[in-house]
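So the chains spell out like this:
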Amino acid sequence: MYRRPIVGIAIALVLGIIVQFYLRLSMKIILTIISFNVLMIILLVSLKRKERIIIILCGIFFLGALHLEYNYCIKDPLNCFVNKKVELIGDCAQKYVTDKSVYIFNVNRVKYKGKSYEIKDKALLKIFDYKGISLNDKKVIVKGKLKIPDGARNPRMFDYNLYLKTQGIQTILNISSNNMKIIGDGNLPFLLKLRHEIKSYIYNKTLKILPDDEGKIALSMAFGDKKIINKNLYEEFKASGTAHALAVSGLHFGILFVFIDFILKSLKIQEKYKSSILVLLIWVFAFVVGFSPSVIRASSMITLCSLSNTFNRKYDLFSSLALICLVNVIINPFIIFNVGFQLSFFAVISIGLFYKPIYERLRVLPNFLRKMVSTTLSAQIGTSPIIAYHFNNFSLIAPIINIPIVILITFILPLSLVLFITLFVHMSIARFIAYFDKLLIKILIWTNSISSYIPFSSFNVISPSFLFLAAFYFGIMLIFYKDRIPYINKYKLREILLFFLIVVLGVYGFSLVSPKKIKVTFVDVGQGDCILIETPKGKNVLIDGGKYKKDFLSKFLLKNHISNIDLICISHIHNDHIGGIIDVINNVKFESVVIGTKIYSCEEYEELVKQCAVKNIPIKEFTRGKTITLEKNLTLTAIHPSPTPMGNTEDDINNNSLVIILKYKDFEVLLTGDIEKEAEQEIIKETFERDIDILKVCHHGSNTSSCGNFIDYFSPEIAVIQVGKNVFGHPHENTLNTLNKRKIKIYRNDNNGAVIIESDGDSIEVHTMIQ
C-alpha cells in the first residue's frame, strides 16, 4: 500500500461505488460520514501513519459512494420529457455498422405541446421496420414517447438500464419508420464520420471477398462486432472459453503492439521516434475500433508503458492499472458494472499476480510454451469466476484450447489488419492476402470445434455467490503468496484456513437455522405463465415456463442459484406455458414432471416426452383430489381437471388446465393456468369454498374468465396477472374492474416485472422488480 498509494485509492473508491450500488445510502448519510471523516483527520493529527491511511481510505470509500449517488441523482435534460409524446430534432450516429435500425441520437431540439426547447443531450434511437438508407450523420425529426430503459425485469437478470448507463445513456426512443423524417445532413464531429466511413468501407469490401464465417470472424476479431457472427458458431466459442478471441481485448492490443514494434524495427526507425509512432498507431486503431472499456484499458496501458520507457521511469503494472481505473470511474462510475470492463481488468490483474509463480512451476516445458501456458492459465484463473457469474458457464478445456487459439490469433489478427489496409490500395492484393487469412481462420474454427467432441469440456454452473468469489480469490492468493501476505507467515497456514473455514461454516450455518420462508416468484416471461416456488427447506418447483426463449429460463434459474428442479408442473400444452420448459430440461437437472391431462399433444410436449424417456422420468397426470406433499406443512393440491377431462367447451385445452392450490401453513396461493368460465364454474361445483391469499389470475386476465362468483368463492387479497405485450387485449378492462371492485391488490408482470411473494405461513411480503 505504501509503495503503490494509487492502488489503495482505486480499490477504496471502487468498493465504495459497489457497496453504494447495493445499499443506496441517502446523500445526507454519506455527506455526514465524509464530514466526520475529514474532522477526524484534522483533529487526530497525532495518529500513526497506518491509522491516518486507514481513515483516509475510509473517506475515499465514501467519496466513491457519493460519486455514484450523485450520478444517480443527476438527470439528463431529456428526462423532463419521459413518458411524453414529443418531437425531437437531432443528428444520428449509427451504433453498429451492420445494423441500420439503432442509433445514438444527439438531440438538438425538443418540441412538446406547441413549444420548442433547445436541449443538448443524447438518447438511444431504435427504428423498427426500417429498410432505407443509413441515417448516419443525417439530421432527422422523430416523433414518439421517450422512455427510461427497463431495469432488470427478473431477479439477477440483465439490467438494460444499467447497461446503457455504462455508456452514458439515460433515455430511449422506440419508433416506427413512419415517425421519422430526414431533414438534411447532420453535424457530427468529423472524426466520428470518418470512423464510420472507414468501418463501413472495410465491412462492405471484406464481406465481398470473404462472404462466409471467415470474413465475419476477421471483422469481429478486429472490431469486436460479435453481432455479425453466426449465433451457433459464437456459442461454440463461448462454450470452449475462447469467445475472447472474437472481441477486441488486451490480447489483441498486445499482438498489435508486437507486430508494429517488429515493423518499426525492420524499418530501422530511431528509438526516440519509435515509441511515439507506436503509441500513435495504437490509438488510431483504438479510435477506429471504438473506445470500449477493454480498448481504453489496453491502449492506455501501452501508452503509459511507452512513456515510462521514454522518460526512463520504472513501469509498474498495478499502479498503471489503478490510474486507468480511476480515470474511467471518475468519468462514469457505472462503468464498473460493465462486463467487458470487469473481464479486462481482472485478466490483467491476474496475469500480473500469477504469471510469474506459474511460470516458475513449469520448468519442464519449452520456454515459448511455458510463457504461453503461464499467460493463458493466469488469465483464466482471474476471469473464470467472472465468466461463471455472468454467463453461467465453466470450461474445463479453456486453459488447453486457448494455447493453439492464441497462437493462431497471433498470425490472423496482423494478417487481417494488413488485408483491411490493402482494401484501400488494390482489390487484387486484398484477395491474395484474404486467401491465407481465410485458411488460418478455417483452422481456428476447426481447432475450436474440437472441444465439442470432448465430454464434459464445458458445463452450466450457478452464478457463484460473493462469498464464494471472495473465498476463491483468497484461496488462490494463499496458494501462490502465502509467504508474502502480511501476518500469514506469523501463523500456521492450517490455523488460517481453519479460521476461514469456521467463518464460511458460520455463515452457512446461520442461513440454515435462521427462519425460512416460502418464496413464490411470478417470473416475467412476457405473454405467458411461469411460476417458481422455493420451499423453506430448499426444494424447487417450477410451474410452466412461458414461451421458448433460448437459454432464458435456464439462465434465470442458474443466476438465482438453482441447478435442480424437484418438480415441474405443466398447466397445459400451449406454447406460452410449455415452451420454456424445453429450455429447462435441456440445461437444468429435474426429478419429476406432472401435467393436468395427457390427452392433448403438440411439438413441445412430444419433445418433453422424449427427453423424459431418455432420463427415465415418467410424466404423471395430476388431477382433482391428488395432493403432493413437498415437506412438512407444505402441499400442492390439484383441484382441476377431473380424471375425465371437460369437452365441448369454448377451448378444451385451456379449460383442462392444471389448477393447483399451494398451501404453506395458513398461506394459500391459487394457480389457475388458462382456465375459462366453464372450468371456473366446474371448480365451484366440485371444490370447497375457501379464502386464499394470492390468486394467479386466469388466462392472463382475459375477458373469458375471472367471473365475479369465482373470485368471490376464493376471496383473494392479492391478484397477480402474468401478462406481457400482446394483441389480445389482455388484461381485459372487465377483469380489472372485477378485481378492483373487490379491492383486490393487483400486480402485473408487464407493469411490475417479476412479482416476488414471501411468507412465513402467516404474514406476506410482496416485492416487485419494477416499482
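Residues numbered from 1 in each chain as written. Predicted model: local features only at pLDDT ≥ 70, side-chain atom pairs only at ≥ 80, totals over all residues. Heavy atoms only, no water.

1. Focus on the overall build of the protein chain
- The helix and strand inventory of the protein chain stands at 25 helices and 25 strands.
- Oriented by its inertia axes, the alpha-carbon framework of the protein chain measures out at about 95 × 70 × 60 Å.
- Counting all 771 residues of the protein chain, 50% fall into the buried class.
- Within the protein chain, counting contacts between residues at least 6 apart in sequence, those at least 24 apart form 69% of the total. (Helix = DSSP H or I, 4+ residues; strand = E, 2+ residues; numbered from the N terminus. Buried < 20%, exposed > 50% of the residue type's maximum accessible area, 1.4 Å probe, protein only. Contact = heavy atoms within 4.5 Å.)

2. A few points about the sheet that holds strand β10 (residues 531-534)
- The strand order β16-β15-β13-β11-β10-β9-β24-β25 describes an open sheet built from 8 strands, whose pairing is mixed. Here the strands that pair on one side only, and so sit at the sheet edges, are β16 (619-621) and β25 (764-768). Here the strands of the sheet are splayed against their neighbours by 20° on average, with no regard to which way each runs.
- The pairing of strand β9 (residues 518-522) with strand β24 (residues 755-759) spans 5 bridges and is antiparallel. Considered in β24, the bridge of K519 is made with E758.
- In this fold helix α20 (residues 603-614) packs onto β13 (567-570), β15 (593-595) and β16, with an angle of close to 120° to the strand it touches most, β16. (Pairing = 2+ DSSP bridges. Axes fitted to C-alpha atoms, helices over the stretch in contact; angles between N-to-C directions.)

3. Re the packing of helix α14 (residues 398-422) against helix α15 (residues 427-449)
- Across the interface, α14 lies against α15 with an axial gap of 9 Å and an inter-helix angle of 160°. Accordingly, the angle class assigned to the pair α14 and α15 is roughly antiparallel. Crossing angle aside, the handedness with which α14 passes α15 is left-handed. Counting all contacts with α14, which are made through I401, P404, I405, L408, F411, I412, L415, S416, V418, L419 and T422, the residues of α15 involved are I429, A430, I433, A434, F436, D437, L440, I441, I443, L444, T447 and N448.
- Considering only residue class, the contact of α14 with α15 consists of 18 nonpolar, 4 polar and 1 charged. (Parallel < 35°, antiparallel > 145°, perpendicular 65-115°, else oblique. Left-handed = near helix turned anticlockwise from the far one by under 90°. Nonpolar A, V, L, I, M, F, W, Y, C, P; charged D, E, K, R; others polar.)

4. Comments concerning the pattern of salt bridges
- Under the counting rule described, the total for this entry stands at 21 salt bridges.
- Measuring nitrogen to oxygen at the nearest pair gives 3.5 Å for the salt bridge that ties E118 to R109.
- A salt bridge links R748 to D750; its shortest N-O distance comes to 2.6 Å.
- A relative accessible area of 18% means that R748 is categorised as buried.
- Residue class for D750 comes out partly exposed when judged on its relative accessible area of 25%. (Salt bridge = Lys/Arg side-chain N within 4 Å of Asp/Glu carboxyl O.)

5. Digging into helix α16 (residues 466-481)
- With 16 residues, α16 should cover 22 Å at 1.5 Å per step; its first-to-last C-alpha distance of 22 Å lies within 8% of that length.
- The set of residues buried in α16 consists of L469, Y473, I476, L478, F480 and Y481. (Expected span 1.5 Å × (residues − 1).)

6. Some remarks on the packing of aromatic side chains
- Taken as a whole, this structure holds 26 aromatic pairs when the rule is applied.
- Their ring planes at 75° and their centres at 5.9 Å tell us that Y22 and F466 sit as a pair that is edge-to-face. Of the two residues, Y22 sits in helix α1 (residues 5-23) while F466 sits in helix α16, which places them 444 residues apart along the sequence.
- When the ring of Y713 is compared with that of F714, the centres are 5.4 Å apart and the planes differ by 80°; the resulting orientation is edge-to-face. (Phe/Tyr/Trp six-rings, centres within 6.5 Å; stacked < 30°, edge-to-face > 60°.)

7. Brief notes about the sheet that holds strand β17 (residues 627-631)
- The 7 strands lie next to each other as β17-β18-β19-β20-β21-β22-β23, forming an open sheet whose pairing is mixed. Either end of the sheet is taken by a strand with one partner, and the two such strands are β17 and β23 (745-748). Pairwise comparison of adjacent strand axes, ignoring direction, gives a mean angle of 20° for this sheet.
- Lying on the sheet, helix α24 (residues 733-741) is in contact with β22 (718-721) and β23; it crosses β23 at an angle near 145°.

8. Some thoughts on helix α19 (residues 575-587)
- Here α19 contains 13 residues, and its C-alpha end-to-end distance of 19 Å stays within 8% of the 18 Å for a straight helix at 1.5 Å per residue.
- Among the 13 residues of α19, 10 are classified as buried, and the element is accordingly described as predominantly covered.
- Residues of α19 that are buried include every one of D576, H577, I578, G579, G580, I581, I582, D583, V584 and I585, and no others.
- Structurally, α19 contributes buried residues whose contacts are with β11 (540-543), α18 (552-559), β12 (564-565), β13, β14 (589-590) and α20.

9. So, the nonpolar core
- By size, the foremost hydrophobic cluster in this structure holds 52 residues, and its most contacted members are I217, F223, F253, L419, F420 and L444.
- Those elements giving two or more residues to this core turn out to be α5 (190-209), α6 (213-223), α7 (231-240), α8 (250-266), α9 (271-289), α10 (293-310), α14 and α15.
- Here this core takes 9 residues from α14, the largest share from any one element.
- The contact partners of L444, leaving out residues within four places of it in the chain, are I217, M221, F237, I405, L408 and I412.
- Counting 30 residues, the second largest nonpolar core, distinct from the first, contains L557, L608, I617 and I619. (Core = buried A, V, L, I, M, F, W, Y, C linked by side-chain atoms within 4.5 Å.)

10. Details of empty space enclosed by the protein
- All told, the structure shown has 2 cavities of 30 Å³ or more when counted by the stated rule.
- As a volume, the largest cavity reaches approximately 60 Å³.
- Across the lining of the largest cavity, the residue classes tally to 5 nonpolar, 3 polar and 3 charged.
- One number sums up the size of the second largest cavity: a volume of about 30 Å³.
- Taken together, S571, H572, I573, I595, T597, Y600, I653 and N656 make up the full set of residues lining the second largest cavity.
- In terms of residue class, the lining of the second largest cavity is made up of 4 nonpolar, 4 polar and no charged. (1 Å grid on protein atoms, 1.4 Å probe; cavity = no way out; pocket = protein on both sides within 12 Å on 5 of 7 lines; lining within 4 Å. Points joined across faces, edges and corners; volume = space filled by probe spheres on them.)

11. Remarks on the side chain of T383
- For T383, the position within the fold is in helix α13 (residues 367-391).
- The buried category is assigned to T383, whose relative accessible area is 10%.
- For T383, the contacting residues outside a window of four places in its chain are L343, F346 and A347.

12. As for unusual backbone geometry
- Between H640 and the following residue, P641, the backbone shows a cis peptide bond with an omega angle of 0°.
- Within the fold, P641 resides in the loop between β18 (634-640) and α21 (652-655).
- Geometrically, the link from H730 to P731 is a cis peptide bond, its omega value of -10° lying close to zero.
- Mapped onto the secondary structure, P731 falls in the loop between β22 and α24.
- Positive phi outside glycine occurs at N633, with the angle close to 65°.
- Judged by its relative accessible area of 44%, N633 falls in the partly exposed class.
- One non-glycine residue, K743, lies in the positive phi region at around 55°.
- Take K743: it is sitting in the loop between α24 and β23.
- The exposure class assigned to K743 is exposed, which follows from its relative accessible area of 77%.

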